[in-house]
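Take a look at the letters that make up each chain.
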Amino acid sequence: LSAFTMTHELALLMEGRKKEARIVITGACSGIGREMAEQFGQHPRVLLLLGAQGTLPRALPPPDRGVRGRRVGGLPSQRCFSPLDLLDLDSVQRFARDTHEFLSGGAPGLRLLINNAGLKQPPGGRTKFGVSPMWQVNFLGPFLLTELLAGYREAASEQAQAQAQPVLDGPWPPPPALQGVRVVQVGSVSE
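Quick caveat, the model's predicted, so the values are computed rather than measured.

A. Region of the structure containing helix α2 (residues 31-40). For α2, the set of buried residues is G33, M36, A37 and F40. The buried residues of α2 occupy an angular sector of 100° when projected down its axis, which confines them to one face.

B. Spatial organisation of a nonpolar patch on the surface. A contiguous nonpolar patch, built from W135, F139 and F143 and spanning about 320 Å² of accessible area, is present on the exposed surface. Structurally, the position occupied by W135 is in helix α4 (residues 133-163).

C. Summary view of the pattern of salt bridges. Within this structure, the stated rule accounts for three salt bridges. Across the salt bridge formed by R111 and E20, the nearest N and O atoms sit 3.7 Å from each other. With R111 in strand β7 (residues 109-115) and E20 in strand β1 (residues 20-26), this residue pair connects regions lying 91 residues apart in the sequence. The exposure classification of R111 matches that of E20, with both residues buried. Taking the shortest distance from any N to any O, the salt bridge between R34 and E38 comes out at 3.3 Å. With R34 and E38 both in helix α2 and four residues apart, the pair spans about one turn of that helix. Residues joined by salt bridges that share partners form a network here, namely E20, R22 and R111.

D. The arrangement of the confidence of the model for the protein in detail. Mean pLDDT over the protein stands at 75; residues scoring 70 or higher make up 66%. Taking the mean pLDDT of every element in the protein, the minimum, 36, falls on strand β4 (residues 71-72) and the maximum, 93, on helix α3 (residues 89-104). Of the regions scoring below 50 in pLDDT, residues 61-76 engages in 31 contacts with residues more than four places distant in sequence or in other chains.

E. Quick look at the pairing of strand β6 (residues 79-83). For β6, the buried fraction is high: four of the five residues fall into the buried class. Strand direction decides the pairing type here: strand β2 (residues 46-52) and β6, joined by five bridges, are parallel. Within β6, the residue paired with L50 across the bridge is F81.

F. Quick peek at the packing of aromatic side chains. Inspection of every chain in the model, using the stated rule, returns two aromatic pairs. Taken together, a centroid distance of 5.2 Å and an interplanar angle of 40° make the contact between W135 and F139 tilted. In this pair, W135 and F139 both sit in helix α4, four residues apart, roughly one turn of the helix. The exposure class of W135 is partly exposed, given its relative accessible area of 41%. Judged by its relative accessible area of 41%, F139 is partly exposed. These aromatic residues form a ring-pair network of at least three members: W135, F139 and F143. Its guanidinium or amino end placed over the ring of F102, R22 lies 5.0 Å from that ring's centre, counting from NZ or CZ.

What counts and how
- Residues numbered from 1 in each chain as written.
- Predicted model: local features only at pLDDT ≥ 70, side-chain atom pairs only at ≥ 80, totals over all residues.
- Heavy atoms only, no water.
- Buried < 20%, exposed > 50% of the residue type's maximum accessible area, 1.4 Å probe, protein only.
- Helix = DSSP H or I, 4+ residues; strand = E, 2+ residues; numbered from the N terminus.
- Arc of directions from axis to C-beta.
- Patch = residues over 30% accessible without salt bridge, like charges linked within 9 Å, V, L, I, M, F, W, Y side chains within 5 Å.
- Areas by Shrake-Rupley, 256 points an atom, 1.4 Å probe, with all protein chains shown as cover.
- Salt bridge = Lys/Arg side-chain N within 4 Å of Asp/Glu carboxyl O.
- pLDDT = per-residue confidence, 0-100.
- Contact = heavy atoms within 4.5 Å.
- Pairing = 2+ DSSP bridges.
- Phe/Tyr/Trp six-rings, centres within 6.5 Å; stacked < 30°, edge-to-face > 60°.
- Lys NZ or Arg CZ within 6 Å of the ring centre and 35° of its normal.

See below:
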């Protein structure tokens, strides 16, 4: 993803030429993740799924817990929260499913995953997988999240394609909600 492309997508959203953006931010409790959540959350066409350990800081308006069926005033809630612990790969898998569900809904527009969670001062020892906690949080967890999300989206696209009517004059375009997700790697704590 080039900075120009993302800036262009956001400009179209701000001008009203894109209907909505769905953005997932990991590490939304502090640092860059928190600031991005606050800034993106000010725009009425941006829907957020925030992933973090524990609870979000009070400075952020309270989000809905989970992504399934949350609606406010007939519209999807602007902020949803799903717990994410990158030291627990089962948690990463649950978050990947929630992320896929969140990004698959709504009107066409920007779909963005911001892998921001990071760890600078690792707890001692090794994870149950025998790796450094810092390596698991800063690399393995975000990599697994991105790979799982790609697999869920590919499977959903193939299923939608199998159910679609054949198109005689060109390749099958996936539904807008299953088109590309841009992935951004950020390290606000680990740098």
